[in-house]
2 protein chains.
Amino acid sequence: MTQPILLAGSWRVSQSAGTFQAEDPATGEKLPEVYPISSWADCDAALTAAAEAQRELARLPATRLAEFLEDFARRIEARGEALIATAHAETALPVSPRLSVAELPRTVGQLRQAAAAAREGSWALPTIDGKAGIRSCLLPLGPVAVFGPNNFPFAFNSVAGGDFAAAIAAGNPVIVKANSSHPGTSRHLAEEAQAAASAAELPPGTVQMLYRTSHADGERLVADPRLGATAYTGSRSAGLALKRAADAAGKPIYLELSSINPVLMLPAALEQRGEQIAEEFTGSCLMGCGQFCTNPGLVLVIAGAATEKFIAATAERFRAAPVGTLLSGGVARSLQESVHRLIEAGAELLAGGTAGGGRGHSFSNTLLRVSGRRFLERAEALQTEAFGNASLLVVAENSDEAAAVLNQMEGNLTGAIYSVAGADDALYARLEPLLRPRVGRLLNDKMPTGVAVSPAMNHGGPFPATGHPGFTAVGMPASLRRFGMLACYDNVRGDRLPPLLRDHNSSGAWRLIDGAWTQADVPR
Amino acid sequence: MTQPILLAGSWRVSQSAGTFQAEDPATGEKLPEVYPISSWADCDAALTAAAEAQRELARLPATRLAEFLEDFARRIEARGEALIATAHAETALPVSPRLSVAELPRTVGQLRQAAAAAREGSWALPTIDGKAGIRSCLLPLGPVAVFGPNNFPFAFNSVAGGDFAAAIAAGNPVIVKANSSHPGTSRHLAEEAQAAASAAELPPGTVQMLYRTSHADGERLVADPRLGATAYTGSRSAGLALKRAADAAGKPIYLELSSINPVLMLPAALEQRGEQIAEEFTGSCLMGCGQFCTNPGLVLVIAGAATEKFIAATAERFRAAPVGTLLSGGVARSLQESVHRLIEAGAELLAGGTAGGGRGHSFSNTLLRVSGRRFLERAEALQTEAFGNASLLVVAENSDEAAAVLNQMEGNLTGAIYSVAGADDALYARLEPLLRPRVGRLLNDKMPTGVAVSPAMNHGGPFPATGHPGFTAVGMPASLRRFGMLACYDNVRGDRLPPLLRDHNSSGAWRLIDGAWTQADVPR
């Protein structure tokens, strides 16, 4: 029995073009459930229902979406045990602390933050020019297609994660393309989403889910006139193919692609606390078997005795640490290929480099090393993302060479600098300006793998880490703004305005009125 | 003598691939000055100097750019007479009120508003999460290439207009591609810009100007790794070619392309004040010879006696009004082609339709009419933009047909609805939701041709009016945000933060601190 898809408010038989099964990465064996690969007919039906839902949602108050998100969060908690078991079976990520203590609570927390943002409305940057009679805010831009990644079955899941929460909170229906590596988790989540949507009496096409499409249909979907925008998290090649299609149709597409998240360790820091940094770095790099968007995949150090000590201490830790299970055979293959590409480009193995070593799909904890000089000769190849438990140390001969290496860095989600206040200040002042424009989030003395759901967070960055350097995928309210169109009202009387722009501030939103941010009503 | 270009702080001989001259549209004669068509060598030199300027600007306080913009505004005023004479010669736009009373004051006003925004910093949406130790704001995203349009020699000029002001105020150097129809005006402006930049001791590549490049070099320019972003205003075909190139390189490009700015006139409004609306519409449509981005190019009405009276009154006014001079021979040819395309698609001429009738390059004031039924058959062709003094009336048989017509509308900068409170309310409630998502600015009982420089303005809209529905080209501070990258600081100590994110709020910017907008310091 092939699993049904969620279309226009009910679970229906897919007009499928094939089927697939997920596998248990810890055993390499296929899981029993069979899922459909949708044909264009499914996509077409989803688009039509979503466009209809958009029109109906525009007539409902934002509180309805907030109630939906909150109810959905409660339902996820109630079904937590089954969700965690399924996610564990499909991803091999540890039940505790990862799935149960960290990721599931984060996911429901995000949904609740999104609900609060929807209810209150400040995310839409309501702006009122009283004298000119002009008012504007962001309004929903249309149905959003969400393509989630494989590495967070809850927190970035297409049907419950950050992009979903933000797109819904901004007032848009979502067409979910579940990640093929955890379809069962997605199904559980979508069942709860649909139950919550029905309870909130949302239009039937508010949440829809397909499990998989052909690449061609995916490209057609993101370019369809009925769609508003797309959010995609995943591999660079697939993301760029979708981007080409969406760009040609003038449809916004928000991408989170590969990132190697350079970490620069300045000499005094390694001098003073090299062992501690080795510990921190190893922990960050191997956590979740290295399968984080913000995994520190490149470490830039400057040659010296303390640096060699740090490298030796790190290599030892990489060798000693248990080897985790990767998310899928595909991830394992891709990691192996990437490590080989780095070696071919001149990197030398300090630890790992071989397949296996853990349960199921696995690859030994891998640490590589290359000189700054060599890096400069093969900068592109040596920035290959090795998604998984691997990292490359780039040892610059001196600070000039470190500067040259930074000048070759591509756009990344994060960049970190470890330093000692005082002793490293001059070097920090010289090198930080080279790193800053190349990364979305700059950290000091901290590994990048934690991504707090904070209003000040940027989980974004310059191309090719993402498709546009002005947006973040994590953090309320900013992540909602990706899914809004700027809508201006010129000389429109009060009862024809959206509630957010009326004189009376019914939701208590922050609004920019005549140049000042306030929660007050428009003064008479 | 070929005019020099402005490169890296000085006026230099172009490594040109050819030359061109502007012409006086009122006589069709070439103006004497000869301008270079730059080769890639000029573009390459400009990019290198701009990238260097970007690094230096990052070290300067925002006040320096504010001082530059204010000094530039003063210098434009001081040279006002010569500027107006040159702009008049190159565009045939009337000296008064258009150039001297309206456009030049608007231009210096924009520069001063941009200066204020730069000095104060709120535009960058500084956001502080005290507890998590995370802070973020927009930072300059890199050199901006500005391609200005032909229709506003001052207010949207590549070297003095809204995009220029916003890009500079956001902290970026600008590479100006002057519009080829007013190179002399651009030269005067760039001379003043360079004098002001020198006086402010800005880095040499802060303002650079080329007059023209090949299409291929333009596409290479917008995709160059040294560039941060592009702002383009002009024709759809040239804009989309640049967009393809920029998109492929992952470089943000902000476009303002064609727009026909539909105006919906509801029955009671035509009943009650048809004559007055005919007068208003004719004025708006023929102002500046119709060469406004927000010119009302399509009027949707519902069949009836009052509608026929309105149409007759409008046609009479179109025939009686003096015929203006168009900006260039190219504009005249393109207008003729567009009118012919509309006629071929089924529109009927009510007035005009022939070349000439005014001084120099001109085309008779043209009013066309088509049925709603026919429109639905040829919706794409009947949305051809006829840039100039022409407009198309679409007469729907009833409100259902009007709804169907609205459902076929492409993305536009503006949409207007004329109505009578009470009598038209039901129809307004039905049709407004169809128009709203298709336009950036929705007006009531007002023609769209005025674009106030207001914080609440949206001079933007859904594709293909622009390239992204979330941004505006007019209005501070929002227009600056196009040229910022989101930069987050995680666990970075105070003296390493940009001034805007430090505890002490030195510029008095509005900042979102722990969920509340405030101008205060971060509390201890």
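This structure is a prediction, so every number in the text was calculated from the model and none was measured.

Cut-offs and rules
Residues numbered from 1 in each chain as written. Chains lettered and ligands numbered in written order. Predicted model: local features only at pLDDT ≥ 70, side-chain atom pairs only at ≥ 80, totals over all residues. Heavy atoms only, no water. Helix = DSSP H or I, 4+ residues; strand = E, 2+ residues; numbered from the N terminus. Rg over C-alpha atoms; globule rule 2.2 N^0.38 Å. Buried < 20%, exposed > 50% of the residue type's maximum accessible area, 1.4 Å probe, protein only. Contact = heavy atoms within 4.5 Å. Lys, Arg positive; Asp, Glu negative; His and termini not counted. Charge placed at Lys NZ, Arg CZ, Asp CG, Glu CD. Least-squares fit on C-alpha atoms with pLDDT ≥ 70 in both. Pairing = 2+ DSSP bridges. Core = buried A, V, L, I, M, F, W, Y, C linked by side-chain atoms within 4.5 Å. Salt bridge = Lys/Arg side-chain N within 4 Å of Asp/Glu carboxyl O. Expected span 1.5 Å × (residues − 1). Buried area = accessible area lost by both parts, 1.4 Å probe. Polar contact = N/O pair within 3.5 Å; in protein donor to acceptor, adjacent residues only side chain to side chain. Nonpolar A, V, L, I, M, F, W, Y, C, P; charged D, E, K, R; others polar.

Quick word on the overall build of chain A
Next up, step 1: The helix and strand inventory of chain A stands at 14 helices and 23 strands.
Next up, step 2: Compactness check: chain A gives a C-alpha radius of gyration of 24 Å against a globular reference of 24 Å for 524 residues, within 12% of the reference.
Next up, step 3: With the principal axes as the frame, chain A shows a C-alpha extent of 70 × 60 × 40 Å.
Next up, step 4: The buried share among the 524 residues of chain A stands at 64%.
Next up, step 5: At a minimum sequence separation of 6, the contacts of chain A that also span at least 24 residues come to 75%.
Next up, step 6: Across chain A, the mean location of the 46 positive side-chain charges is 4 Å away from that of the 51 negative side-chain charges.

Observations concerning the relation of the copies chain B and chain A
Next up, step 1: Mapping chain B onto chain A is achieved by rotating through 180° and translating by 0.0 Å along the same axis, at an RMSD of 0.0 Å. The operation mapping one copy onto its partner corresponds to a two-fold rotation axis. Among all residues of chain B, the one whose C-alpha sits closest to the rotation axis is Trp517 of chain B, at a distance of 3.0 Å.
Next up, step 2: Mapped onto chain A, 100% of the interface residues of chain B again fall at the interface, so both copies present the same surface.

A word on the pairing of strand 19 (residues 412-418) of chain A
Residues and elements named next belong to chain A.
Next up, step 1: For strand 19, a buried count of seven out of seven residues is recorded, marking the element as mostly surrounded by other parts of the structure.
Next up, step 2: Pairing of strand 14 (residues 263-265) with strand 19 involves three bridges; the strand directions are parallel. Paired with Met265 across the bridge in strand 19 is Tyr418.
Next up, step 3: Across five bridges, strand 19 lies against strand 20 (residues 439-444) in parallel orientation. Its bridge partner lying in strand 20, Thr414 is registered against Arg441.

Side note on the nonpolar core
Next up, step 1: Residues Phe68 and Phe164 of chain A together with Phe68 and Phe164 of chain B are the most contacted members of the largest nonpolar core, which totals 273 residues.
Next up, step 2: Beyond its immediate stretch of four places on either side in the chain, Phe68 of chain A contacts Phe164, Ile168, Ala193, Ala196, Ala197, Ala200, Leu202 and Val207 of chain A.
Next up, step 3: In this structure, Ile277, Ala313, Leu367 and Tyr418 of chain A belong to the second largest nonpolar core, which totals 28 residues.

Observations regarding the pattern of salt bridges
Next up, step 1: Taken as a whole and judged by the stated rule, the model has 54 salt bridges over all chains.
Next up, step 2: Measuring nitrogen to oxygen at the nearest pair gives 3.0 Å for the salt bridge that ties Arg374 of chain A to Glu377 of chain A. Of this pair, Arg374 of chain A and Glu377 of chain A both sit in helix 12 (residues 372-377), three residues apart, roughly one helical turn.
Next up, step 3: For Glu377 of chain A, a relative accessible area of 47% translates into the label partly exposed.
Next up, step 4: Where Arg317 of chain B meets Glu279 of chain B, a salt bridge forms, and the shortest distance between an N and an O atom there is 2.5 Å. Here Arg317 of chain B is found in helix 10 (residues 305-320), whereas its partner Glu279 of chain B is found in helix 9 (residues 267-286), with 38 residues between them in sequence.
Next up, step 5: Ionic contacts of the salt-bridge type, sharing partners, join the residues Arg79, Arg187, Glu191 and Glu192 of chain A into one network.

Remarks on unusual backbone geometry
All names here are of chain B.
Next up, step 1: Here the bond from Phe463 into Pro464 is cis, since omega is 5°, no more than 30 degrees from zero.
Next up, step 2: Across the junction of Met476 and Pro477, the peptide omega takes the value 5°, indicating a cis bond.
Next up, step 3: By secondary structure assignment, the location of Pro477 is in the loop between strand 20 (439-444) and strand 21 (484-490).
Next up, step 4: Look at Glu201: it is not a glycine, yet its phi comes out positive at around 55°.
Next up, step 5: Secondary-structure assignment places Glu201 in the loop between helix 6 (183-199) and strand 11 (207-210).
Next up, step 6: Unlike most non-glycine residues, Cys289 shows phi in positive territory, near 55°.

Remarks on the environment of Trp517 of chain B
Next up, step 1: Mapped onto the elements of the fold, Trp517 of chain B is located in strand 23 (residues 516-518).
Next up, step 2: When its relative accessible area of 8% is taken as the criterion, Trp517 of chain B is described as buried.
Next up, step 3: For the pair Trp517 of chain B and Ala118 of chain B, spaced 399 residues apart in the sequence, the C-alpha separation amounts to 18 Å.
Next up, step 4: What Trp517 of chain B contacts, discounting residues up to four positions off in sequence, is Trp510 and Trp517 of chain A together with Leu125, Pro126, Trp510, Arg511 and Leu512 of chain B.

Notes on helix 2 (residues 62-78) of chain A
All names here are of chain A.
Next up, step 1: The terminal C-alpha atoms of helix 2, which comprises 17 residues, lie 25 Å apart, in line with the 24 Å expected from a rise of 1.5 Å per residue.
Next up, step 2: For helix 2, the complete set of buried residues consists of Leu65, Ala66, Phe68, Leu69, Asp71, Phe72, Ala73 and Ile76.
Next up, step 3: Buried residues in helix 2 make contact with helix 1 (40-57), helix 3 (80-91), helix 4 (95-120), helix 5 (162-169), helix 6 (183-199) and strand 11 (207-210).

What about the interface of chain B and chain A?
Next up, step 1: With 60 residues of chain B at the contact, the number on the chain A side is 60 residues.
Next up, step 2: With both sides pooled, the region where chain B packs onto chain A buries about 5,000 Å², and carbon together with sulfur makes up 57% of that total.
Next up, step 3: It is Leu486, Arg496 and Trp517 of chain B that lose the most area in chain B upon contact with chain A, and together they represent 13% of the buried surface on that side.
Next up, step 4: At the surface where chain B touches chain A, the tally comes to eight salt bridges.
Next up, step 5: Between Lys446 of chain A and Asp490 of chain B there is a salt bridge, with its nearest N and O atoms 2.6 Å apart.
Next up, step 6: Along the contact surface separating chain B from chain A lie 38 residue pairs in polar contact (both at pLDDT 80 or more).
Next up, step 7: Elements represented by at least two residues in the side of chain B that touches chain A include exactly strand 7 (127-129), strand 8 (134-140), helix 8 (236-248), helix 14 (425-435), strand 20, strand 21 and strand 23 of chain B.
Next up, step 8: Of the residues in the side of chain B that touches chain A, the class split is 31 nonpolar, 15 polar and 14 charged.
Next up, step 9: Where strand 21 (residues 484-490) of chain A and strand 20 of chain B come together, three bridges link them in parallel fashion. By the bridge assignment for strand 20 of chain B, Tyr489 of chain A is matched with Leu442 of chain B.

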